[in-house]
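# Inside the fold
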Amino acid sequence: MSTTGADRGATRAGTARTGAGDSDAGPAGATRAEICVVACAEAWRGDGEILAAAMGTCSILGARLARLTFEPGLLTTDGGALLTAEPVPIGAPAGPAEGWMPFRDHLWLVQNGRRHVMMGASQIDRYGNTNISAIGAWERPASQLLGVRGAPGNTICNPTSYWIPRHSTRVFVPEVDTASGVGTDRAARLGPRASRFHDLRRVVTDLGVFDFRAPDGSMRLVSLHPGVDAGEVAAATGFAIHGLAEPAEPAGPAEPGTGGEVPRTRMPTGEELRLIREVLDPGGLRDREVRA
Amino acid sequence: MTTVEEIVGSLESGTTIGIGGWGSRRKPMALVRAICRSALENLTIISYGGPDVGLLCAAGKVRRLVAPFVTLDSVPLEPHFRAARQRGAIELTEYDEGMFMFGLLAAAHRLPFLPTRAGLGSDVMRVNPDLRTVRSPYGAAGQEGEELVAVPALTMDVALVHMDRADTRGNGQYLGPDPYLDDLFAKAATRCYVSCERLVDPGKLDGPPQSLLIGRMHVAGVVETPGGGHFTDCGPDLGRDEAFQRHYAASAADPEAWAAFAERFLSGDEAAYREAVRRWHDERGQEGTR
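Please read all numbers here as calculations on a predicted model, not as lab measurements. (Residues numbered from 1 in each chain as written. Chains lettered and ligands numbered in written order. Predicted model: local features only at pLDDT ≥ 70, side-chain atom pairs only at ≥ 80, totals over all residues.)

### Some thoughts on the overall build of chain B
Worth spelling out the cut-off: Only DSSP runs of H or I with at least four residues qualify as helices, and only runs of E with at least two residues qualify as strands; both kinds are numbered from the N terminus onward. Our radius of gyration is a C-alpha quantity, and the globule rule it is checked against amounts to 2.2 Å times the number of residues to the power 0.38. Counting other C-beta atoms within 10 Å of a residue's own tells you its class, since 20 or more makes it buried, 12 or fewer makes it exposed, and anything in between is partly exposed; those C-beta atoms are placed from the backbone. Throughout, a pair of residues is in contact if the C-beta atoms placed from their backbones lie within 7 Å.
A count of helical and extended segments in chain B gives 10 helices and 12 strands. What you see for chain B is a C-alpha radius of gyration of 19 Å, in line with the 19 Å of a compact globule of 290 residues. Dimensions of chain B, computed from the C-alpha atoms along their principal axes, are close to 75 × 50 × 30 Å. Looking at chain B residue by residue over its 290 residues, the buried ones come to 52%. Contacts in chain B between residues at least 24 apart in sequence constitute 71% of all its contacts with a sequence separation of at least 6.

And the structure:
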């Protein structure tokens, strides 16, 4: 049930060109981590009453910030089995609960679909295939990681985004060693029926925001964070990102990449900065994940 | 009512053992430590893996692991599991965590498989070449039915679960926020053993009825193991012993440090383990865990 439908259908883009003197730019002094929190929050814009499942500090803060501001219908957890009545500071006790989500129900909710997850990835390729399982040959890995965990089910059943705190060629690889999470090329090969719930939304990193809306379903630039230049992203990525080298390429009205200038991730508003700094993360955990 | 040694003594090498809990949460660690001390070998372990898997790998007990992940939660990666995989010392059947649950559900309900979308398109299908898909018989008019992953039943010879409370008949109760999948493990197994933080008389399991997770019809034996979940999270009685888990993880990442850890904590029985942990905490000038 929603009493807050006014935000539904609001712009999903969440980007704004912030050229010199742009009056929409937020207050000066926002850190890169705070810009990342807001960019993560934007991933859930327009989602309404679904579970915002988040992994990683900026992603967790983003989900709770979105709920506190433009997406009040979202459900968020305490990081454990409780759906909190209100968004709580990161690491804080749950306080009053509005629901119970033990692991089994969480796994059932993945199948049910009312959930948008933002995961991490140790490797990601141009089609959004991701690896959290093992580096090197799966049969005998050079580096065993977590295991596929929920990535196969998440990606084939739920809208999925990624939060990658350190954009580098170690993570952004031409081809993942093991595909834990399903990318757009693999989904296309499954056909429209099997992949009808596959929905890769966006990738947020410490350098920018990306989606998979290039004509071939590959990674496309949505926006660069303020202060980041395209060459820096290209050097940190093991494949070509659509729209990065040729920002002037027309992509239709109201789409990023128009107008011949690099689209910029929007700055946090004053209220968003207050919520991040004073309410959600007074201890500054975000700065340990993304260094200034 | 039985003992840890009796339970482990009833197991055979080559058997398939499911272990309840999740990651580093409410794991039947006293039973796991007893298996590590035993002569058992060539085990197949089915687990939402945590330090249970790590300890068993370190002791060379595991031939094959069925798991969607192995983690210590507050320490993301399990060093012994990593080392075993990187040495090629264990076989791995790696499932998505939802697939894994459907495998438990299938086994608990005597079904050969259950269908799910989870796994489609991912390398779970590549690294498990025995996995099959199944086509739904309910296609819409003029359309073929949907193709889904047929997750095989995760049947097991034995399940080991750790409960906050149990009664002497074997009824098991959890008091924390999450039952994990422990009731499914109990039902998926030919026989299930329950260890518990505290054993009470029948009728003395206080708390809401929905906390009575495991019924005695599924339980072959129950044993009281105070601190038997250590160092995993057994809230609300006992949170995870984070300091000790960090010590475990740091030791596990280094062969020499691990030898010292094993000598100090794992060379004796469960009572010796608890005493060694208590002394370790005392030496660190912290309040002992129990």
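Now that the structure has been shown, the text picks up again.
### A few points about the overall build of chain A
Per the secondary structure count, chain A includes eight helices and 12 strands. Taking all contacts inside chain A whose residues are at least 6 apart in sequence as the whole, residues at least 24 apart take part in 67%.

### Brief notes about the interface of chain A and chain B
Filter applied, for reference: Ten residue types, Ala, Val, Leu, Ile, Met, Phe, Trp, Tyr, Cys and Pro, are classed as nonpolar, four, Asp, Glu, Lys and Arg, as charged, and the remainder, Gly among them, as polar.
Taken together, the contacts link 33 residues of chain A with 36 residues of chain B. Contributions of two or more residues to the side of chain A that touches chain B are made by α3 (103-112), α4 (151-157) and α5 (184-190) of chain A. For the side of chain A that touches chain B, the leading source of residues is α3(A), giving five residues. When the residues that make up the side of chain A that touches chain B are grouped by side-chain class, the tally is 19 nonpolar, nine polar and five charged.

### Examining the domain arrangement of chain B
All names here are of chain B. Going by this rule: An automatic or database domain assignment provides the domain bounds reported here.
Domains assigned within chain B are domain 1 (4-95 + 154-224), domain 2 (114-152) and domain 3 (242-283). Each of domain 1 and domain 3 has a C-alpha centre, and these two points are 20 Å apart. In this complex, domain 1 contributes 13 residues to the contact, which on the side of domain 3 involves 10 residues. Every element with two or more residues in the side of domain 1 that touches domain 3 is listed here: α2 (29-37), α3 (51-58) and α4 (79-87). Residues belonging to the side of domain 1 that touches domain 3 are distributed by class as follows: eight nonpolar, four polar and one charged.

### Quick notes on the confidence of the model for chain A
Formally: Here pLDDT means the predictor's own confidence in every residue, given as a number from 0 to 100.
Averaged over all residues, the pLDDT of chain A equals 89, while 86% of them reach at least 70. A low-confidence stretch, residues 4-25 of chain A stays under pLDDT 50, and its non-local contacts, those more than four residues away or across chains, total 36 contacts.

### Regarding the sheet that holds strand β10 (residues 199-205) of chain A
Residue and element names in this part refer to chain A. Defined as follows: Pairing between strands is defined by DSSP: at least two bridges between them are needed. To define axes, lines are fitted to C-alpha atoms, for helices over the stretch in contact only, and angles between the resulting N-to-C directions are given on a 0 to 180 degree scale.
Strand order in this open sheet of six strands is β1-β4-β9-β10-β11-β12, and the pairing throughout is mixed. Because the sheet does not close on itself, it has two edges, and the strands there are β1 (51-54) and β12 (220-224). Strand-to-strand twist in this sheet, taken as the mean axis angle between neighbours without regard to direction, amounts to 20°. Relative to the sheet, helix α2 (residues 57-68) contacts β1, β4 (115-119) and β9 (159-164), its axis offset from that of β1 by approximately 160°.

### Quick look at the pairing of strand β1 (residues 16-19) of chain B
Within a regular strand, the side chains alternate between the two sheet faces. Residues and elements named next belong to chain B. Heads up, the condition is: When the strands point away from the viewer, a crossover counts as right-handed if the path from the first strand over the helix to the second runs clockwise.
Alignment of β1 against strand β2 (residues 43-47), held across four bridges, turns out to be parallel. Note that in β2 the partner of glycine 18 across the bridge is isoleucine 46. In this view, the connection linking β1 to its parallel neighbour β2 by way of α2 has right-handed handedness. By the bridge criterion, three bridges tie β1 to strand β8 (residues 156-167) in an arrangement that is parallel. Bridge assignment links glycine 18 to a residue of β8, and that residue is alanine 159.

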